[in-house]
Amino acid sequence: MSLNPDEEAYLRLLRELGLSHMYLSPHDLKRLALAPQPQNPFHALSPANIESERRFSYCKGFDQLLSRKQIRWEHLRKPIIALAEMASVAEILREEAADKTEPLPELSKIAIAYSGYFQRRFSKSFFPPALECARRAPALFAGRLLKENAPLAAISADEWLTMPPSIFTAIQDIAIFYVCTHGRIQQSQYQAALHDRYWQPSPADFGANGPKVLVLDTCHGADRTPPFRNFWGTALQGTSVRLLLACEGPIVIDTPSTERGYAFADNIVQENTSIADAWLRAVRSTSSTGTSRPVAIGLGDTAAEATTMLSLTFHDLRSAAKRPSPLSPRVPVQFADRH
Amino acid sequence: MRIENVREWLLKTCSERELPPIFSFERPRTFEEAETASFLERGLRPSRQNLSGTLEVRVVSTEFALFRDPLSSIVEVAHQEDPRRAILPLQRPHEGSQFLVAHTRVESLPVIGPGGKILIQRSESSLTADITVRRRQLGAIPSENWIEPDAIYRSLLSEFAGYEDAIDIEATLGYFERSKYHVQYLLRPTFLFVIRPRDQGTAESRSVWETTHIVPATWNPAVEPTEQWEIFR
């Protein structure tokens with residue numbers, strides 16, 4: 001029994017819906033086969049979790065085929081039942097495969113730190129104003145990722161944030177470390193303001209088992225000019241850090257703009273979104289002044305490796321096979337940036 | 001400007017122009033099939049942000065060939081969201097940036113804040129657009145008066161006490177629209193003050209920071225209880 005082109009097209013659409021996308025269950029397909037006459041599955045059934053644009057295009061496709069009245073339903077019943085049986089097998093195989101490839105939550109641990117209150121006496125010429133909103137960005141970031149089964153492994157704040165070394169001993173094997181405070185450049189070296197001192201990052205702070213992604217939600221966190229690259233090249237050589245997310249120049253810290261913590265987390269859990277793009281979009285879509293200049297800097301032992309880091313996804317970090325290895329302590333760090 | 005000049009700026013701004021009205025936004029929308037069809041005709045795959053109902057568009061590189069001019073289609077879609085709003089030309093924020101931004105204007109005032117704009121990121125692999133342009137209801141709520149300029153000035157003074165000589169202030173009057181992560185009910189005339197340290201340092205040693213002070217510019221007793229402005233102070 002040969003099928004005409006319309007019947008083949010009908011089956012092809014059904015196969016895509018049921019087998020490729022799993023919008024139709026094997027039970028749905030069997031119910032469809034028992035219908036007395038040709039049916040548009042979108043009218044007869046309720047395909048689950050289908051996006052509106054996809055629903056529209058499939059529904060239109062079925063309507064067009066049925067309107068031509070070329071479909072002989074008695075010719076399609078058996079193939080639809082066969083499709084239902086194939087869908088049952090596919091469902092079992094998918095469940096088994098999902099168990100084996102499920103991202104590992106222990107590889108997506110995150111750590112956050114912030115400093116909002118500063119002792120005046122630690123700098124006579126400049127005392128940074130209090131940052132009442134400093135807690136918001138890291139807290140919103142962690143809150144959003146907790147929903148994605150990414151555990152918060154360490155948190156430190158204000159006078160308890162003494163860096164180094166206390167928080168770093170707690171954040172071994174971390175996927176992302178997010179810190180929010182004031183930042184400055186002092187003689188071309190980056191420094192972050194803690195409660196009563198400035199912290200200048202060095203390789204000893206991170207080690208080879210520290211965070212893979214370092215988010216500096218501070219002013220002057222990164223720069224693409226040579227002196228600054230030299231600083232980060234030295235500070236991160238041989239460490240675990242493969243992606244640095246920050247801002248060139250000042251980053252606005254106020255109530256609306258610190259939603260970037262939530263936005264960043266919300267972006268990185270979207271399918272096919274790199275962590276670098278997630279940061280760039282988060283800062284730009286929440287800045288109340290529009291003046292913040294986010295930058296993502298990939299680091300590698302070679303230029304190609306550094307560029308690859310700009311495509312790193314959260315899913316990659318959670319996969320033991322795709323997780324990037326530490327930088328070599330013997331090779332100068334190479335950079336690639338996106339802004 | 002220096003903080004002591006803010007009072008004068010406020011008085012001048014309030015005396016020189018008519019009271020701008022307040023607008024109500026429509027409730028956040030979900031997608032309708034007809035709307036989806038109109039997007040698909042343009043080759044755009046849209047979605048609506050689940051918190052604010054604002055539009056998002058994502059196109060992957062394999063779909064680039066489906067349409068000729070995605071940027072003008074995106075601007076057109078933004079215009080349909082709020083046809084009474086002027087959309088300024090798309091601009092790159094700085095040389096080499098992957099982003100394009102188009103700001104908007106309402107009643108001759110700029111829309112300020114994280115929203116009120118089209119933000120497009122275009123890379124080799126995809127094009128993503130956030131159209132944070134909320135739809136306004138027809139009509140407007142008249143403002144009864146300006147917020148007392150002295151009260152605004154005093155609130156700035158108290159927030160930056162001790163820093164008076166160390167800061168510079170950039171002041172703007174506009175309509176404040178929040179990011180796509182919020183439900184927003186009103187579009188209000190707002191004063192946005194951007195505060196930065198006066199001493200910008202040198203190329204080798206800089207400690208510039210940036211924060212804001214955001215306050216409504218006008219009031220109407222009928223709308224006061226509906227917005228939590230205090231959180232921005």
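The next thing to look at is the overall build of chain B. Along chain B, the regular secondary structure elements total 4 helices and 13 strands. Each of the 233 residues in chain B was classed as buried or not, and the buried ones make up 34%. A separation threshold of at least 6 residues defines the contact pool for chain B, and within that pool the share at least 24 residues apart is 65%.

Attention shifts here to the overall build of chain A. Broken down by element type, chain A carries 13 helices and 10 strands. Burial analysis of chain A (339 residues in total) assigns 43% to the buried set. Considering only contacts within chain A whose residues lie at least 6 apart along the sequence, 77% involve residues at least 24 apart.

This part covers the domain arrangement of chain A. When the domains of chain A are assigned, the result is domain 1 (5-101) and domain 2 (105-338). One C-alpha centre belongs to domain 1 of chain A, the other to domain 2 of chain A, and the line joining them spans 46 Å.

This part takes up the interface of chain A and chain B. Each side of the interface is counted separately: chain A has 39 residues, and chain B has 36 residues. Secondary structure elements with two or more residues in the side of chain A that touches chain B: α4 (52-67), β4 (183-186), α10 (260-268) and α11 (275-286) of chain A. When residues in the side of chain A that touches chain B are grouped by element, the largest group, 6 residues, is from α11(A). Tallied by class, residues from the side of chain A that touches chain B come to 13 nonpolar, 17 polar and 9 charged.

So, on to the sheet that holds strand β7 (residues 213-217) of chain A. Residue and element names in this part refer to chain A. Taken together, the 7 strands give an open sheet; going across it, the order is β2-β1-β3-β7-β8-β9-β10, and neighbouring strands pair in mixed fashion. Lying at the two open borders of the sheet, with one neighbouring strand each, are β2 (152-157) and β10 (334-338). Averaged over all pairs of adjacent strands, the angle between their axes in this sheet comes to 15°, without regard to strand direction. Pairing geometry for strand β1 (residues 110-114) and strand β3 (residues 176-180), over 5 bridges, is parallel. Residue pairing for β3: Y114 is matched across the bridge by C180. Relative to strand β9 (residues 293-300), α11 is tilted by about 165°, and along the sheet it contacts β7, β8 (243-248), β9 and β10.

Turning to the packing of helix α6 (residues 136-146) of chain A against α10(A), a few remarks are in order. Residues and elements named next belong to chain A. Put simply, α6 and α10 touch, their axes get as near as 6 Å, and they point 30° apart. When the axes of α6 and α10 are compared, the pair comes out roughly parallel. As for the relative orientation of α6 and α10, their crossing is right-handed in sense. Between α6 and α10, the contacting residues are R136, A137, P138, A139, L140, F141, R144 and L145 on the first element and R260, G261, Y262, F264, A265 and D266 on the second. By residue class, the composition of the contact of α6 with α10 is 9 nonpolar, 1 polar and 4 charged.

All names here are of chain A. Ordered by their spatial adjacency, 3 strands build an open sheet running β4-β5-β6, and the pairing between neighbours is antiparallel. Unpaired on one side and paired on the other, β4 and β6 (198-199) mark the two borders of the sheet. As paired elements, strand β5 (residues 189-193) and β6 share 2 bridges and run antiparallel to each other. Within β6, the position partnered with A193 by the bridge is Y198.

This part is about helix α9 (residues 226-236) of chain A. All names here are of chain A. Buried within α9 we find W232, A235 and L236. What you see down the axis of α9 is that its buried residues fit within an arc of 80°, all on one side. Looking at the packing, one finds that the buried side of α9 touches α8 (203-206), β8 and β9.

Turning next to the domain arrangement of chain B. Residues and elements named next belong to chain B. For chain B, the domain assignment lists domain 1 (3-23 + 139-232) and domain 2 (26-132). Facing 19 residues of domain 1, the contacting portion of domain 2 comprises 17 residues. Elements with a minimum of two residues in the side of domain 1 that touches domain 2: β10 (167-176) and β11 (186-197). In terms of residue count, the dominant contributor to the side of domain 1 that touches domain 2 is β10 (5 residues). A breakdown of the residues in the side of domain 1 that touches domain 2 according to their chemical character gives 10 nonpolar, 6 polar and 3 charged.

Residue and element names in this part refer to chain B. Looking at chain direction, strand β6 (residues 109-112) and β10 are connected through 2 bridges and run parallel. Bridging from a neighbouring strand, I112 pairs with F176 of β10. Inspection of the sheet shows β10 paired to β11 by 10 bridges, in the antiparallel sense. Within β11, the residue paired with T172 across the bridge is L192.

Here we come to the nonpolar core. Among the nonpolar cores identified, the biggest contains 70 residues, and I110(A), F141(A), V215(A), L243(A), L244(A), W279(A) and L299(A) are the most heavily contacted of them. Ranked by residues supplied to this core, first place goes to α11(A) with 7 residues. Setting aside residues up to four positions removed in sequence, W279(A) forms contacts with V215(A), L245(A), F264(A), P294(A) and A296(A). In terms of nonpolar packing, the next biggest core, distinct from the first, is built from 21 residues, I22(B), F176(B), L192(B) and F193(B) among them.

Residue and element names in this part refer to chain B. The element strand β12 (residues 211-216) is largely enclosed, with a buried count of 5 among its 6 residues. Sheet topology note: the β11/β12 ladder contains 6 bridges and is antiparallel. When the sheet's bridge partners are listed, I195 is paired in β12 with T211.

Two packed helices can be described by the angle between their axes and the distance between those axes. Residue and element names in this part refer to chain A. The N-to-C vectors of α10 and α11 enclose an angle of 145°; their axes lie 8 Å apart at closest approach. α10 and α11 meet at a crossing whose hand is right-handed. Between α10 and α11, the residues in contact are R260, A263, F264, N267 and I268 and I275, A278, W279, R281, A282, V283, S285 and T286, respectively. Split by residue class, the contact of α10 with α11 holds 8 nonpolar, 3 polar and 2 charged.

Another aspect to go through is unusual backbone geometry. Look at N272(A): it is not a glycine, yet its phi comes out positive at around 60°. Along the polypeptide, N272(A) turns up in the loop between α10 and α11. When the 12 C-beta atoms within 10 Å are taken as the criterion, N272(A) is described as exposed. Even without a glycine there, the phi angle at S108(B) is positive, about 70°. With respect to the helices and strands, the residue S108(B) is situated in the loop between β5 (99-106) and β6.

Conventions and cut-offs
- Residues numbered from 1 in each chain as written.
- Chains lettered and ligands numbered in written order.
- Predicted model: local features only at pLDDT ≥ 70, side-chain atom pairs only at ≥ 80, totals over all residues.
- Helix = DSSP H or I, 4+ residues; strand = E, 2+ residues; numbered from the N terminus.
- Buried ≥ 20, exposed ≤ 12 C-beta atoms within 10 Å, placed from the backbone.
- Contact = placed C-beta atoms within 7 Å.
- Domains from an automatic or database assignment.
- Nonpolar A, V, L, I, M, F, W, Y, C, P; charged D, E, K, R; others polar.
- Pairing = 2+ DSSP bridges.
- Axes fitted to C-alpha atoms, helices over the stretch in contact; angles between N-to-C directions.
- Parallel < 35°, antiparallel > 145°, perpendicular 65-115°, else oblique.
- Left-handed = near helix turned anticlockwise from the far one by under 90°.
- Arc of directions from axis to C-beta.
- Core = buried A, V, L, I, M, F, W, Y, C linked by C-beta atoms within 7 Å.

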